[in-house]
Amino acid sequence: MPADQIVRYIVFLILTVMTLGGALGVVVSRNLFHSALFLVLSFAGVVGYYVLLDAGFLAAVQLLIYIGAIAILILFAVMLTRGLMDKRQSQHNQQWLIAALVALLIFVVLAVVLWQVEWPVASEQALASPNVSVSQLGQELLGPYVIPFEVASVLLLVALIGAVILARETES
Amino acid sequence: MIPLYWWLIVAAALFCIGLYAVLSRKNAIAVLMGIELMLNAVNLNLVAFWRYITPQALTGQVFAIFVITVAAAEAAVGLAIFISVYRMHGSINVEKLDTMRW
Amino acid sequence: MTLNRFLILLLPEITLTVVAFLVFILDLIIGGDEVRERRLQWFAFLGVLLALVATILIWPLAEAGGLPVAFDVGPGFGGDVVPMMTLDGLALFFKLITVLMLAIIILSAGEYVKVHTPFRGEFYAFVLLAGLSIMLASAATNLVMIYLSIEFLSITSYVLTGYLRDDVRSTEAAIKYFIYGAAASAVMLYGFSLLYGATGATGLVEIATALATGSVTLRWLVFPALVMVLAGLGFKIALVPFHQWSPDAYEGAPTPVTAFLSVGPKAAGFAVLIRFLIVALPAFQVNWSAMLAGVAILTMSLGNLIALWQTNVKRMLAYSSIAQAGYMLIGLAALAPLAESWTNGLNALLLYLFAYLFTNLGAFAVVIAVEDRTGSANLPDFSGLIRRSPFLAVSMLVFLLSLIGIPPTGGFMGKLFVFGAAVQRQMILLAVIGVLNSVISVYYYYKIMRPMLFERADDAEPIRVTPSMRLVVGFSLAMVLAIAIYAEPFIRLATESAQLLLAARF
Amino acid sequence: MNFPFLTLIIFIPLVGAIIIALIPRNREREIKWFSVIVSLFPLVLSIVVWVLFKVGGGMQFVDEALWIPTLDVYYRVGVDGISVPMVFLTTLLTTLSLFYSAYTIKVRVKEFFALFLLLEMGMIGVFLALDLVLFYFFWEIGLVPMFLLIGIWGQPKDRPQYSAIKFFLYTLVGSVAMLLAFIGIYLTSGTWNILEIPLVGPLADNPALAVAAFWAIFLAFAIKVPMWPFHTWLPDAHTAAPTAGSVILAGVLLKLGGYGFIRILLPFFPVLFKQFAPFIGIIALISMIYGALVSMAQWDLKRLIAYSSVSHMGFFTLGLVAASATLNTAEPVLNSRAIALDGAVLQMFNHGIITGGLFFLVGVIYERTHTCDLKAFGGLSAKLPVYYGVMLMTALASLGLPGLAGFISEFMVFRGAFAIMPTYAIIGVIAIVLGAAYILWKIIQYIFLGEFSKEKWSAIFDPEHWHFSLDMARFEIVTMVPLLFFMLLVGIYPAPILNVINAASTALLSGLL
Amino acid sequence: MDFFFNLAPLAILVPLLMFAAIILFTHPNNRLSSSLAIGGIAFSTIISWGIVLATILSGEHIWEETWQISIPWLPAGTSVLWIGLEVDSLTAAMLFMVPFVCMLIFIYSQGYMNLGKPNQDPRYSRFFAYISLFAAGMIGLVLSGSLLLLFIFWELMGLCSYLLIGFWSFRDRDTEDHIDEAQVKRARAAALKAFLTTRIGDVLLFSGMVLLWAYTGTLNFSEIFQPEVLEHLAEITIWGLPAATVIALLVFGGAVGKSAQFPLHVWLPDAMEGPTPVSALIHAATMVAAGVYLVARTYPLFVAGSVAGDGSVLAVVAVIGAITAFFGATIGLAQNDIKRVLAYSTISQLGYMMMALGIGAYVAAVFHLLTHAFFKALLFLGSGSVIHGVEHGHHEIAHHSDHHGDDDFNPNDMKTMGGLRHRMPRTFWTYIIGTLALVGWLPFAGFWSKDEILGEAFHLWREGGTFSLPLWVWLAGTLGALITALYMGRQIGLVFWGEPRHGAAEHAHESPHSMTTPLIVLAIFAVIGGLANLPSNVPLVGGELHHFIGEVHEVSEVVHSEALALNAIVAGLSTVLAVGGLIFGWAIYRNYRVGEVEPFQRWLGPVFTLLKNKYYVDELYRAVFIRPTVWLADISFRFDTGVIDYLVNLVGRVTRVVADFGGVFDAKVIDSTLVDGTGKVTNSFGGWLRQTQTGRVQNYVLVIAVTVLLLLGLYLYL
């Protein structure tokens with residue numbers, strides 16, 4: 001096994017610990033603020049994954065949108081609604097145990113299936129040279145995917161207006 | 001190269017952790033975090049599939065970009081809803097929001 | 001495909017988008033002026049009419065197998081052209097449904113919006129945009145597009161549900177709807193990702209091709225993917241066991257939105273489900289047919305049984321609409337693409353949906369009218385309606401009869417076709433449970449009829465029916481009756497819409 | 001294209017109902033008399049149809065138009081000798097009911113008359129439809145107006161709403177089952193045409209499904225007829241319904257089920273019908289005897305007559321069973337079968353006339369006293385001699401006194417039954433004795449005989465709401481006269497009506513293999 | 001000759017029209033109404049006698065040659081049933097009697113109902129309408145040429161008997177004080193009893209008729225009585241018996257009901273609750289005669305049924321008749337009501353006729369029917385006259401003492417009468433003539449006819465062997481004759497002799513002429529009636545009736561169409577018994593005083609009580625038939641409301657129990673609108689289901705997860 005492959009494995013493992021660990025942190029942390037920070041950690045792990053998967057542009061997008069926007073947004077919200085969550089109380093509801101069990105079982109089932117399936121992996125040659133061109137991505141977005149692209153833009157605008165409508169203080 | 005299913009299993013794990021958050025956390029914002037985790041898992045899936053199955057076509061990546069976009073929009077609207085709920089109910093404890101039932 | 005043609009094919013969608021944004025802008029300009037805000041309603045209505053015209057204009061363009069809607073900007077630009085949308089009978093049918101739904105909701109919302117909601121102009125815009133998303137969803141042939149349009153619909157729906165920001169129930173409904181919807185769509189998305197992984201494609205047709213040629217183990221993935229996708233679409237349609245959001249959301253949402261929720265997401269969900277199953281997974285019909293049959297039985301029975309307990313008419317109609325979706329699902333479960341047969345299941349579903357559209361919206365229009373007067377929509381609010389407004393009461397009676405499925409109403413034609421499909425596929429049990437359910441449903445529809453027709457009201461003052469409401473209810477009434485009495489065009493519409501898709505895929 | 005008699009008969013009431021809906025609510029007089037006049041048109045037309053009807057000429061006056069081409073559904077109506085009397089019965093009773101109601105209905109007049117005309121359309125449609133979908137349409141159209149008539153104008157103390165929904169549910173259970181069976185039949189035979197399906201032999205390739213379809217359709221009609229044990233909606237509905245509603249319910253609605261048996265179930269599944277005939281025969285016997293016994297135990301006049309309907313429609317069923325029991329056997333038996341079927345059809349007609357009349361007569365006393373409790377009356381024949389006479393004649397017709405209508409049909413039913421299934425028949429005659437017992441013992445004795453005392457009468461008589469003469473008022477007599485006339489006519493000289501029925505039933509039966 | 005025959009329909013229609021006319025138009029005018037009725041029946045009588053004359057002159061006696069008229073009446077299947085009228089000599093014989101006796105009764109009624117008097121019955125017109133209908137029914141029955149038409153008139157008479165027996169079954173307490181309350185109740189019960197009891201017989205006749213139609217395809221007598229038809233009937237079997245036997249038995253069932261034969265005789269004594277002329281009508285000319293006439297008319301069927309089977313239908317007829325003859329007579333011994341004694345006498349005499357028919361003495365039966373009609377009508381009208389007189393007497397003393405005093409006074413009670421022979425001479429003499437005719441003193445009519453029956457029985461016994469059926473018939477008849485004499489002796493002794501035992505009897509007056517004139521006419525016929533069929537050894541006039549009607553049914557050797565000669569032993573024996581019995585009865589009762597234990601009671605002891613209580617048959621029937629039926633009706637009704645109505649959906653109820661058991665059924669939310677078990681069940685099930693709707697969104701999402709998990713797990717497992 002070539003050295004760079006071994007490095008990849010090691011990096012993969014580190015990132016996995018980061019991502020899943022962050023995710024678990026999100027789940028178990030009593031403090032919502034800590035949860036948000038763990039979330040950022042997990043997102044960061046995913047950024048690493050994308051790099052490892054040669055999806056550089058996506059890694060950037062992930063960094064910008066998830067960490068830069070969504071996580072921050074969440075932090076804002078946490079701050080806005082802060083103080084009302086009693087830290088002494090459990091942050092988990094009554095069904096957490098059964099929820100854990102179900103989540104675990106789903107994971108097992110999925111894992112078994114995903115592991116068993118012979119994936120139609122592309123040829124060695126194709127695997128070796130993935131198309132990672134960003135301009136190509138741009139052309140895709142504005143070519144075949146132009147309709148989703150436009151729709152997404154409308155969606156964003158609508159979400160914005162909607163968020164304003166919902167969140168704005170009512171003028172008396 | 002790392003076997004595809006490694007990625008997939010990691011993604012599945014991430015997905016299930018997110019699901020667990022959705023199912024068990026009292027605070028709506030924590031629930032939202034869980035949802036974001038689930039979406040990240042999906043994105044990981046998509047990108048991994050792109051890399052391993054259709055490395056030439058960018059389908060998976062494009063899909064992931066759209067997912068991220070939607071996630072952003074969703075988060076915005078979701079948080080706005082949380083705020084209005086907070087304003088009306090004084091809490092965003094999901095468990096307590098059960099005035100309408102049966 | 002040239003840009004012109006591309007734009008023409010998207011004419012209804014574009015019309016709606018433009019009108020919606022014009023409403024946003026106009027609202028900014030005239031904000032605060034009640035009289036002029038009222039004109040926004042008519043403006044939105046006008047936009048819907050324009051979209052109707054656009055739909056009719058592009059009607060002749062649909063082809064057998066569907067006309068792919070893709071913008072081909074030339075060679076070298078992007079990879080293989082994967083059409084995101086198609087223009088076929090099914091898409092047109094749902095465009096029509098959408099437009100009609102929008103028209104009815106916008107007209108019936110007027111009074112309610114004026115009294116209850118802030119941001120009255122935006123309200124119409126959101127309704128229009130929600131309609132737009134239904135159109136997109138029903139035409140989408142690509143997982144990306146499907147996901148995007150479904151989410152579009154979800155997000156607009158969340159906003160509309162929580163529109164009454166100062167109402168405890170509305171906000172609660174919104175947060176429940178949001179959390180449920182987000183989780184469900186994440187699950188569905190995971191299913192999409194599996195399908196993509198299994199086939200390397202996101203186009204429905206390509207998926208079908210790849211599955212047909214791929215290795216056996218890949219087929220293992222189809223079932224998990226199917227289940228997850230069903231969770232997401234089942235959430236939209238409110239199929240049992242993915243229905244639980246709907247009663248809460250229906251009860252809490254502003255009543256015109258409830259009306260929308262009871263039709264719009266269902267239509268979109270069905271459109272996508274139909275396309276997904278028939279186009280992407282035709283080889284797995286045995287599997288999904290059995291699964292859908294089970295879900296249909298659950299959906300009908302549970303919806304009806306729980307509805308028996310409701311005392312709030314909105315909530316009751318929510319459960320009722322769950323049950324109605326169950327009947328419709330029979331059609332898909334009993335899909336039998338026989339060229340010569342009168343019912344192939346799909347046309348049954350479409351016809352049922354068409355009748356249901358007018359029936360349910362008409363019923364909700366009545367509820368809105370009553371609520372305007374009484375302030376709530378509990379059963380006692382309907383007491384003596386026959387005296388207070390014979391028109392509303394008689395209309396409501398007809399709508400309820402249509403929901404039960406008694407001729408001469410559209411609901412009967414729908415049930416005739418749906419059960420016909422089941423009998424044709426020899427799914428007798430399914431059909432029998434279906435008819436038994438329609439008997440059970442009488443119990444709770446009767447709970448509305450009884451105060452309405454047989455009891456005296458404390459408040460005997462007549463209920464004023466605005467002209468637009470009169471128009472809406474009257475039109476719905478006429479359509480409900482027409483679908484049964486002059487059924488031919490409607491059956492033909494449903495059949496031709498279904499035929500194109502089926503002919504291409506089976 | 002012939003003159004569309006039948007189409008007019010069906011749709012004139014509809015037009016009338018729509019026009020009434022447009023008349024202002026407070027013009028009660030106009031609404032009442034307008035609807036009576038409207039209902040005269042179908043009556044006259046149905047008489048014309050009867051006069052022009054060619055005996056033995058099969059289906060006549062057929063109006064046909066493609067209705068839903070993709071579904072192969074036709075608007076197809078026609079009459080044969082079995083439907084002609086039924087249509088006439090319907091139009092006659094409707095006119096009389098409207099006329100009677102014009103005097104007695106005082107609340108929500110507009111709705112009442114509009115609904116009544118709508119109901120008429122539905123009922124006539126069932127008797128005329130020759131297409132399964134059309135049949136089903138009319139079948140259900142009649143349901144809702146009746147439901148409302150019971151629920152809105154019912155007597156408050158008799159739980160009208162309960163009775164109304166019970167009626168609705170029972171009928172609906174049957175009709176949805178029937179709908180499934182119709183679909184199955186269409187899918188195998190490829191047509192909705194009621195006359196063509198027997199030629200194809202529906203569901204012949206799938207015996208299990210054929211049996212299921214048979215019982216599904218059976219259920220629908222059995223509930224409507226009503227047969228034991230599906231009869232419990234009937235007493236409640238009758239008790240609660242306003243007088244005119246009871247008249248139509250007993251007079252016509254029950255006949256829809258019977259007509260369905262003859263027009264649909266028997267021709268569609270003659271072999272199955274024969275196979276199950278012993279069983280259905282037992283149901284018929286139970287209905288006859290049980291209905292009579294339960295009648296005997298009643299103390300409420302309306303309920304008593306309602307149960308007597310169960311018994312009398314049991315006679316119908318017995319005739320029907322006899323007509324089916326020996327299908328596919330030697331030719332000479334055709335005679336007995338046809339007689340049994342004649343008897344069954346005539347029994348429906350007679351029951352309509354007689355029981356309709358009885359319910360009018362119940363209305364007469366109810367309008368005056370607001371009670372149907374048999375124990376509250378006594379000795380009325382001293383005070384209301386005309387009422388006594390009319391009631392006596394109607395009651396005697398009901399118990400099958402020769403010379404009045406009821407006898408002829410019982411006679412023919414038993415004639416067929418004795419020839420074909422004598423053991424059933426000899427058990428069935430018990431019902432005749434019991435019939436005499438409850439009619440004379442309960443109705444005549446408790447209301448008319450015995451002591452008339454002023455105190456008892458003034459306790460129940462309600463002069464506030466009764467502005468006509470104490471004995472039968474003129475409008476009540478006018479209502480009853482046509483019914484009495486037909487009781488006598490059929491009893492004394494049944495040939496005119498039986499000619500029509502007989503030709504049709506003979507043709508029907510000889511067509512079944 | 002055909003002229004009179006063609007008028008035959010009018011003989012029915014005219015009284016019928018009179019009925020309609022009185023009911024619809026003339027009822028306010030009493031005199032006009034009764035005149036119409038009498039005119040109508042007189043017209044019928046004239047036509048009928050014309051027909052009789054025509055029949056005698058034409059000499060056509062046998063069915064194939066009779067005058068007929070018929071119309072297609074009932075299209076049925078591939079055939080058409082015709083009905084019509086036919087006249088043969090049997091019809092003619094009946095026609096001689098029926099309208100004539102009716103007419104006399106009508107005339108009598110005019111007086112009896114007090115036309116124009118202060119105490120005139122307010123329902124006077126109605127009475128005449130009913131009896132007109134009654135007469136029309138009987139005339140029609142006799143003239144019917146088909147069993148169907150006969151049945152129609154048969155039932156018409158049943159109706160009339162109901163109306164007339166119950167004539168006083170209602171009253172307006174404030175205005176109608178000529179009827180008392182107890183009478184109302186009795187009349188009501190009697191009418192119902194009469195109708196229902198005869199209805200049982202009628203239903204049997206109905207069944208027999210229907211079977212006959214089914215097996216022969218016709219109901220016309222002339223067609224049924226063709227030998228080949230009868231043979232055919234004897235060949236086919238039904239329920240293991242020859243069809244002819246079954247049909248004959250069923251037809252006889254009808255006759256048993258109508259002619260009050262054991263065991264359906266119970267209605268007849270109660271039928272006395274009607275006005276007395278009605279009793280006369282029922283007992284003499286019409287109702288009860290119809291049963292005997294029916295058997296005589298359909299005699300070939302009985303013969304065919306007897307020849308074909310192992311068990312002879314005729315034997316059944318004979319046995320029933322003999323039982324009735326003896327049994328009815330014994331009860332007559334112990335009755336106190338003047339009309340009831342006559343009623344049991346009627347039952348007994350009808351038994352004679354039936355037993356005559358049963359042993360084949362067909363002509364004798366008809367002969368007795370005719371003579372009996374006259375003298376029984378005479379006796380009833382006479383008893384009516386007595387009652388009338390006593391009632392007037394009672395009114396008189398009530399008027400004098402200015403109070404209504406002893407309201408329990410019963411004018412029918414023989415024990416309160418006495419010594420009336422001086423006060424009511426015309427009634428007395430005619431009554432004596434009737435009694436002698438009934439008892440069978442030479443040469444009154446009853447002697448000849450009864451003697452012929454006994455003679456036939458005796459003759460057959462001699463032919464048939466020691467213990468053959470005719471012996472018992474003869475014995476029963478002879479003993480019956482003795483008992484008849486005894487009770488008639490008791491009656492005349494109590495009524496006409498001795499001292500008045502009550503003031504009413506003391507003040508009794510003779511009835512008006514309109515009442516006594518019919519008595520006289522009838523008395524003449526009671527005297528000379530025997531001339532119609534003197535024994536064959538009487539020169540010139542012997543066996544006339546045999547010549548006349550003997551050949552009506554030329555079907556079987558069983559029918560004795562030849563008249564018998566007078567048998568000295570039989571005649572002598574019965575004469576001795578009749579004379580002795582009557583005188584003995586008269587002797588011991590003529591000086592009976594109020595309060596004494598009467599002689600028969602003294603001698604018979606408990607048997608007398610048994611007889612007085614009519615062998616407890618009524619009580620038996622009440623316990624065995626009526627109570628159980630009412631009980632069954634009640635049970636059925638409870639079953640209906642309690643079980644069927646509730647168990648329409650058994651499955652659902654079970655689920656409800658399960659739901660209750662699970663403790664999740666929320667009892668407080670049962671909605672009152674829900675219908676029956678089904679509703680409650682589906683409702684409670686739904687109520688349980690709705691608990692899943694917790695309102696907590698995370699529960700909902702969990703449901704998704706679990707669903708997905710389950711489906712996936714299921715998938716993997718499979």
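Here, every reference points to the structure presented above.
Residues numbered from 1 in each chain as written. Chains lettered and ligands numbered in written order. Predicted model: local features only at pLDDT ≥ 70, side-chain atom pairs only at ≥ 80, totals over all residues. Heavy atoms only, no water.

**Some words on the overall build of chain D**
Right, so step 1: When you go through chain D residue by residue, the secondary structure sums to 21 helices and three strands.
Right, so step 2: Its C-alpha atoms give chain D a radius of gyration of 22 Å, near enough to 24 Å, the size a compact globule of 513 residues would have.
Right, so step 3: In terms of overall dimensions, chain D has C-alpha extents of about 70 × 55 × 40 Å along its principal axes.
Right, so step 4: By residue count, 75% of the 513 residues in chain D fall in the buried class.
Right, so step 5: Considering only contacts within chain D whose residues lie at least 6 apart along the sequence, 82% involve residues at least 24 apart.
Right, so step 6: A total accessible area of about 13400 Å² is found for chain D, and carbon and sulfur atoms account for 69% of it.
Right, so step 7: When the 27 basic and 26 acidic side-chain charges of chain D are each reduced to a single mean position, those positions are 5 Å apart. (Helix = DSSP H or I, 4+ residues; strand = E, 2+ residues; numbered from the N terminus. Rg over C-alpha atoms; globule rule 2.2 N^0.38 Å. Buried < 20%, exposed > 50% of the residue type's maximum accessible area, 1.4 Å probe, protein only. Contact = heavy atoms within 4.5 Å. Areas by Shrake-Rupley, 256 points an atom, 1.4 Å probe, with all protein chains shown as cover. Lys, Arg positive; Asp, Glu negative; His and termini not counted. Charge placed at Lys NZ, Arg CZ, Asp CG, Glu CD.)

**Topic: the overall build of chain E**
Right, so step 1: A tally of helices and strands in chain E yields 31 helices and five strands.
Right, so step 2: The 718 residues of chain E split such that 63% are buried.
Right, so step 3: Within chain E, counting contacts between residues at least 6 apart in sequence, those at least 24 apart form 78% of the total.
Right, so step 4: Only carbon and sulfur atoms are counted for the fraction: they give 65% of the accessible area of chain E, which is about 25100 Å².

**Considerations on the interface of chain A and chain C**
Interface size is commonly expressed as the accessible area that is lost once the parts come together.
Right, so step 1: Contacts between the two partners involve 32 residues from chain A, matched on the other side by 44 residues from chain C.
Right, so step 2: For the chain A and chain C pair, buried surface summed over both sides reaches about 3200 Å², with 79% attributable to carbon and sulfur atoms.
Right, so step 3: It is Ile147, Leu155 and Ile165 of chain A that lose the most area in chain A upon contact with chain C, and together they represent 19% of the buried surface on that side.
Right, so step 4: Viewed at the interface, chain C and chain A are joined by zero salt bridges.
Right, so step 5: Between chain A and chain C we count one residue pair in polar contact (both at pLDDT 80 or more) in total.
Right, so step 6: Elements that contribute at least two residues to the side of chain A that touches chain C include exactly helix 4 (96–116), helix 6 (134–142) and helix 7 (146–167) of chain A.
Right, so step 7: Grouping the amino acids of the side of chain A that touches chain C by side-chain chemistry returns 22 nonpolar, six polar and four charged. (Buried area = accessible area lost by both parts, 1.4 Å probe. Salt bridge = Lys/Arg side-chain N within 4 Å of Asp/Glu carboxyl O. Polar contact = N/O pair within 3.5 Å; in protein donor to acceptor, adjacent residues only side chain to side chain. Nonpolar A, V, L, I, M, F, W, Y, C, P; charged D, E, K, R; others polar.)

**Looking at the pattern of salt bridges**
Right, so step 1: What the rule picks out here adds up to 31 salt bridges over all chains.
Right, so step 2: Measuring nitrogen to oxygen at the nearest pair gives 2.6 Å for the salt bridge that ties Glu13 of chain C to Lys95 of chain C. Residue Glu13 of chain C is located in helix 2 (residues 11–30), and its partner Lys95 of chain C is located in helix 4 (residues 89–116); the two are separated by 82 residues in the primary sequence.
Right, so step 3: Using a relative accessible area of 3% as the deciding quantity, one classes Glu13 of chain C as buried.
Right, so step 4: Accessibility expressed as a relative area gives 1% for Lys95 of chain C, which makes it buried.
Right, so step 5: Here Lys193 of chain E makes a salt bridge to Asp618 of chain E, at a shortest N to O gap of 2.9 Å. Pair noted here: Lys193 of chain E is in helix 7 (residues 181–216) and Asp618 of chain E is in helix 28 (residues 617–644), with a separation of 425 residues, a long-range link.

**Topic: a nonpolar patch on the surface**
All names here are of chain C.
Right, so step 1: The grouping of Leu3, Leu7, Ile14, Val18, Leu22, Ile25, Leu28 and Ile29 at the surface amounts to a nonpolar patch, some 710 Å² of accessible area in total.
Right, so step 2: Among the elements that make up the nonpolar patch, the one with the highest residue count is helix 2 (six residues).
Right, so step 3: Tracing the backbone through its elements, the reader meets Leu7 in helix 1 (residues 3–9). (Patch = residues over 30% accessible without salt bridge, like charges linked within 9 Å, V, L, I, M, F, W, Y side chains within 5 Å.)

**Things to note about the environment of Leu434 of chain D**
Right, so step 1: For Leu434 of chain D, the position within the fold is in helix 18 (residues 422–448).
Right, so step 2: Along the sequence, Leu434 of chain D and Met296 of chain D sit 138 residues apart, while their C-alpha atoms lie 8.0 Å from each other.
Right, so step 3: Those residues in contact with Leu434 of chain D, other than ones at most four positions away along the chain, are Ile289, Ala292, Leu293 and Met296 of chain D together with Thr629 of chain E.

**A closer look at helix 6 of chain A**
Right, so step 1: Within the sequence span of helix 6 of chain A, burial applies to Gln136, Leu137, Glu140 and Leu141 of chain A. Buried residues along helix 6 of chain A cover an arc of 140° about the axis, so they all sit on one side.
Right, so step 2: Close packing links the buried residues of helix 6 of chain A with helix 3 (56–80) and helix 7 of chain A together with helix 3 (59–89) of chain B. (Arc of directions from axis to C-beta.)

**What to know about helix 7 (residues 160–189) of chain D**
Residues and elements named next belong to chain D.
Right, so step 1: Taking 1.5 Å of rise per residue, 30 residues should cover 44 Å, and helix 7 covers 42 Å from first to last C-alpha, within 8% of that figure.
Right, so step 2: The element helix 7 is largely enclosed, with a buried count of 26 among its 30 residues.
Right, so step 3: Once helix 7 ends, the next one or two residues include Gly190, with phi positive near 75°. (Expected span 1.5 Å × (residues − 1).)

**What to know about the arrangement of the chains**
Right, so step 1: Ranking by contact count across eight pairs of chains in contact places chains A and B at the top.
Right, so step 2: Chain A makes no contact with chain D; the smallest distance between any of their C-alpha atoms is 37 Å.
Right, so step 3: Left apart from each other, chain B and chain D have a closest C-alpha approach of 25 Å.

**Quick notes on unusual backbone geometry**
Trans is the common state for peptide bonds, and a negative phi is the common state for residues other than glycine.
Right, so step 1: Of note, the amide linkage connecting Val240 of chain C to Pro241 of chain C takes the cis form, showing an omega dihedral of 5°.
Right, so step 2: Along the chain, Pro241 of chain C falls in the loop between helix 9 (218–237) and helix 10 (245–252).
Right, so step 3: Cis geometry is adopted by the peptide bond preceding Pro229 of chain D, which originates at Trp228 of chain D and carries an omega value of 0°.
Right, so step 4: Among the structural elements, Pro229 of chain D can be located in the loop between helix 9 (207–224) and helix 10 (233–240).
Right, so step 5: The phi angle at Tyr615 of chain E is positive, at roughly 60°, despite the residue not being glycine.
Right, so step 6: Tracing the chain through its elements places Tyr615 of chain E in the loop between helix 27 (606–612) and helix 28.
Right, so step 7: Among the residues examined, Tyr615 of chain E registers a relative accessible area of 26% and is labelled partly exposed.

**What about the interface of chain B and chain A?**
Right, so step 1: On the side of chain A, 87 residues touch chain B, which itself brings 68 residues to the contact.
Right, so step 2: Taken together, both faces of the contact between chain B and chain A bury some 7200 Å²; the carbon and sulfur share is 76%.
Right, so step 3: For the chain B face of the interface with chain A, the top three residues by lost area are Tyr20, Arg25 and Met33 of chain B, together amounting to 10%.
Right, so step 4: Put simply, chain B and chain A have one salt bridge between them.

**Topic: the packing of helix 14 (residues 333–369) of chain D against helix 21 (residues 495–511) of chain D**
All names here are of chain D.
Right, so step 1: Two elements in contact, helix 14 and helix 21, have axes separated by 9 Å at closest approach and are oriented at 130°. Judged on the interaxial angle alone, helix 21 and helix 14 are oblique. For the element pair helix 14 and helix 21, the recorded crossing hand is right-handed. On helix 21, the residues that touch Leu334, Arg337, Ala338, Leu341, Asp342, Val345, Leu346 and Phe349 of helix 14 are Ile497, Leu498, Ile501, Asn502, Ser505, Thr506, Leu508, Leu509 and Ser510.
Right, so step 2: Here the contact of helix 14 with helix 21 is built from residues that sort into 11 nonpolar, four polar and two charged. (Axes fitted to C-alpha atoms, helices over the stretch in contact; angles between N-to-C directions. Parallel < 35°, antiparallel > 145°, perpendicular 65-115°, else oblique. Left-handed = near helix turned anticlockwise from the far one by under 90°.)

**Let's talk about the environment of Ile105 of chain C**
All names here are of chain C.
Right, so step 1: Here Ile105 is to be found in helix 4.
Right, so step 2: Placed 13 residues apart in sequence, Ile105 and Pro118 show a C-alpha to C-alpha distance of 17 Å.
Right, so step 3: What Ile105 contacts, discounting residues up to four positions off in sequence, is Val127, Pro256, Ala259, Phe260 and Leu361.

**Structural notes on the side chain of Ser193 of chain C**
Right, so step 1: Residue position: Ser193 of chain C is located in helix 7 (residues 168–199).
Right, so step 2: Setting aside chain neighbours within four positions, we find Ser193 of chain C in contact with Val42, Asn45, Leu46 and Phe49 of chain B.

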